Amino acid sequence: MWKIGVVGAGYWSDKHLKAWQRIPGVQIQGLCDTDTERLHRKAQEYGIHADKLYATLDEMLAAADVDVIDIITAPGTHPELVGSAARAGKHIMCQKPFARSIEEARGMVETAKAAKVRLMVTENWRWLQPVQTLKQLLADGAAGDLNMIRYIHTDYYSPRFAPENELPQPFFREMPKLLFYEMGVHWYDTWRFLFGDPKRLYAEMRRISPYITGEDAGLITLGYENYMGLMDMSWATRQNLQGKLSAPVQPNHLEQLIIEGDKATVKLYSSGTISVIDNNGVETIVSENNGLDFEESHYRLQSHFIHCLNTGGEFQTSGEDNLKTLELVFETYRSAEEHRVIHF
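Just so it is clear, the model here is predicted, and its values are computed rather than measured.

I would appreciate a short explanation of the pairing of strand 6 (residues 119–122) in the present structure.
Looking along a regular strand, one sees the side chains alternate between the two faces of the sheet. Where burial is concerned, the two faces of strand 6 agree: the one with Leu-119 and Val-121 and the one with Met-120 and Thr-122 are both buried. Read as a crossover between parallel neighbours, the route from strand 5 (residues 91–95) over helix 5 (residues 102–115) to strand 6 is right-handed.

Mind showing me how you'd approach the pairing of strand 7 (residues 146–154) here?
Counting buried positions along strand 7 yields 7 of 9 residues, so the element is predominantly enclosed. Of the pairings in the sheet, the one linking strand 7 to strand 11 (residues 254–261) comprises 8 bridges and is antiparallel in character. Bridging across to strand 11, Arg-150 finds its partner in Ile-258.

Would you mind going over the packing of aromatic side chains with me for this structure?
The relative placement of two aromatic rings is captured by the distance of their centres and the angle of their planes. Summed over all chains, the structure comprises 14 aromatic pairs. Ring plane angle 70 degrees and centroid distance 5.7 Å describe the contact between Phe-180 and Trp-187, whose orientation is recorded as edge-to-face. Exposure class is identical for Phe-180 and Trp-187. Each is buried. Centre to centre, the rings of Tyr-224 and Tyr-227 are 4.4 Å apart; their planes meet at 15 degrees, and the pair counts as stacked. Overall, the relative accessible area of 7% leaves Tyr-224 in the buried class. Its relative accessible area of 21% is what places Tyr-227 among the partly exposed residues. Chaining the aromatic ring pairs together yields one cluster made of Tyr-157, Phe-161, Phe-171, Phe-172 and Trp-235.

Looking at this structure, how should I read the sheet that holds strand 4 (residues 68–71)?
The strands that make up a sheet are held in pairs by hydrogen bonds between backbone atoms, and each pair lies either parallel or antiparallel. Strands sit in the order 3-2-1-4-5-6 across an open sheet of 6 strands; the sheet is parallel. Only two strands of the sheet have a single neighbouring strand rather than two, namely strand 3 (53–54) and strand 6. With 4 bridges connecting them, strand 4 and strand 5 associate as parallel partners. Across the sheet, the residue bridging to Ile-71 is Cys-94, located in strand 5. Along the sheet face, helix 1 (residues 13–22) touches strand 1 (2–7), strand 2 (26–32), strand 4, strand 5 and strand 6 and points at about 150 degrees away from the line of strand 2.

What is the right way to look at the layout of surface pockets in this model?
Left-over empty space is what a probe sized like a water molecule reveals as it rolls over the atoms. For the largest pocket, the calculated volume is near 1200 Å³. As for the largest pocket, its lining consists of 49 residues, of which Ile-72, Thr-73, Ala-74, Gln-169 and Phe-171 are closest to the centre. Counting residues per element, the ones that place at least two in the lining of the largest pocket are helix 1 and helix 7 (179–195). Partitioned by chemical class, the residues of the lining of the largest pocket number 27 nonpolar, 14 polar and 8 charged. Computed from the structure, the second largest pocket encloses a volume of approximately 360 Å³.

Where do I start with the sheet that holds strand 12 (residues 264–268) in this structure?
The 9 strands are arranged 14-13-12-11-7-10-9-8-15 in an open sheet whose pairing can be described as mixed. Looking at strand neighbours, the two that pair on one side only are strand 14 (283–287) and strand 15 (342–343), the edges of this open sheet. Here strand 8 (residues 200–206) runs beside strand 9 (residues 217–223); their pairing, made up of 7 bridges, is antiparallel. Following the sheet pairing, Glu-204 is matched in strand 9 by Leu-219. Along the sheet face, helix 7 touches strand 7, strand 8, strand 9, strand 10 (228–234) and strand 11 and points at about 150 degrees away from the line of strand 10. Contacting strand 8, strand 9 and strand 15, helix 9 (residues 319–338) runs over the sheet at an angle of about 65 degrees to strand 8.

Quick question: what am I supposed to make of the side chain of Gln-95 here?
By the secondary structure assignment, Gln-95 is in strand 5. Judged by its relative accessible area of 9%, Gln-95 falls in the buried class. When near neighbours in sequence (up to four residues on either side) are disregarded, Gln-95 contacts Trp-12, His-16, Ile-71, Ile-72, Thr-73, His-78 and Thr-122.

How should I be thinking about the nonpolar core in this particular structure?
Generally speaking, a soluble globular protein has its nonpolar side chains buried in company with each other. Judged by nonpolar contacts, the single largest core of 78 residues is most densely connected at Ile-69, Ile-92, Phe-98, Trp-187, Phe-195, Met-231 and Ile-259. Looking at which element gives the most residues to this core, the answer is helix 7, with 11 residues. The residues touching Ile-69, leaving out its near neighbours within four places in the chain, are Gly-5, Val-7, Leu-57, Met-60, Leu-61, Ala-85, Lys-90, His-91, Ile-92 and Met-93. Core analysis: the second largest hydrophobic core is formed by 26 residues, Val-6, Leu-39, Val-68 and Met-120 among them.

What counts and how
- In every chain, residue numbers begin from 1 and rise along the written sequence.
- Selection of residues for local features in this predicted model requires a pLDDT of at least 70, selection of side-chain atom pairs for listing and counting requires 80 or more, and totals for whole chains, interfaces and linings are taken over all residues.
- Derived side-chain values reflect all non-hydrogen atoms in the structure, with water molecules and hydrogen atoms excluded from consideration.
- Here the term buried applies to any residue with accessible area under 20% of the maximum for its type, exposed to any over 50%, and partly exposed to those in between, with areas from a 1.4 Å probe on protein chains only.
- Counting from the N terminus, the helices are the DSSP runs of H or I reaching at least four residues and the strands are the DSSP runs of E reaching at least two.
- Note on handedness: a clockwise path from strand one over the helix to strand two, with the strands aimed away from the viewer, defines a right-handed crossover.
- The criterion for strand pairing is that DSSP finds at least two bridges linking the strands in question.
- Classification of ring pairs rests on two measures: the distance between centres of Phe, Tyr or Trp rings, Trp counted by its six-membered ring, which must be within 6.5 Å, and the angle between planes, read as stacked under 30 degrees, edge-to-face over 60 and tilted in between.
- The contact criterion used is simple: two residues touch if any of their non-hydrogen atoms lie within 4.5 Å.
- Axis definition: a line fitted to C-alpha atoms, limited for helices to the stretch in contact. Angles are taken between N-to-C directions and run from 0 to 180 degrees.
- We place a 1 Å grid over just the protein atoms. Points where a 1.4 Å probe fits but has no way out form a cavity, open points with protein on both sides within 12 Å along at least 5 of 7 lines form a pocket, and any residue with an atom within 4 Å of a point lines it.
- Grid points are joined across faces, edges and corners, and a volume is the space filled by probe spheres set on the points.
- In this count, Pro and Cys sit with the nonpolar residues alongside Ala, Val, Leu, Ile, Met, Phe, Trp and Tyr, while Asp, Glu, Lys and Arg are called charged and the others, Gly among them, polar.
- Side-chain atoms within 4.5 Å link the members of a nonpolar core, which is a set of buried Ala, Val, Leu, Ile, Met, Phe, Trp, Tyr and Cys residues.

Set out below in structure tokens:
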């Protein structure tokens, strides 16, 4: 039985808590948050007894019988929390974005390694059903040799961040690096999962919404030896609006992927339909209703974490692997700032 201590009872913790309660061989043995009201509200919702609630991780480590620490807090808290958990000999699952710099990320990886504990970054995007289906199609050779990849993310989100509007994550307004830090870790991890590590990158980005500090749109080109790719990402586009917008303000992330190969084109539509178009122009539907199933993605991700603890297998998104994803994120900002191609 793996005993889990959860740190953070905020907006995204529901996904983690629901998944832990579904996975065999797992028990939630502790929950902590500095916000007492939020802590008790979340505990009541998930049936976590009052004697398993703590204000801080240090309190939980001192009093609770736990094997794993699941960190669901902001990046700035990660070095201290990862360090405390590692020194206590606990395995760690840490929310993305993992770190505020590549140096900070390397430090946490080394801390866990020195303590001989396992460390995985909570990167759920690759575990979404459409991404898993695309991965299998590529593994089966459906596209053949790759030529061109287009990855498109659309939402009309940040232009609605006016001060009078309540947001699920209001700190987005003040983040100096927004879209390609908060979401870029998802996109680059997914890209690497499907297509491998690029050899070069060039980025252009801009801020469109007047209510944010960071950027909310960008174009990224990614080069390989024999193929190339484009990311067209925006939180400030109306192109996929499905009707009149309503309150409260919530994200409506829609994604498309067009994977061109010499054998066929594999397409993920924003509706969730996945199809294959052959060289005769015949389009075959592979699957439909592949939504961005966030809760199920966490169940798959956290099940993978437990499976690897049980078997000694490698985490797909280990702390060390996530260094490559973060490098792409931070180099995206450097490319955009310096207007130059970054080579890896």
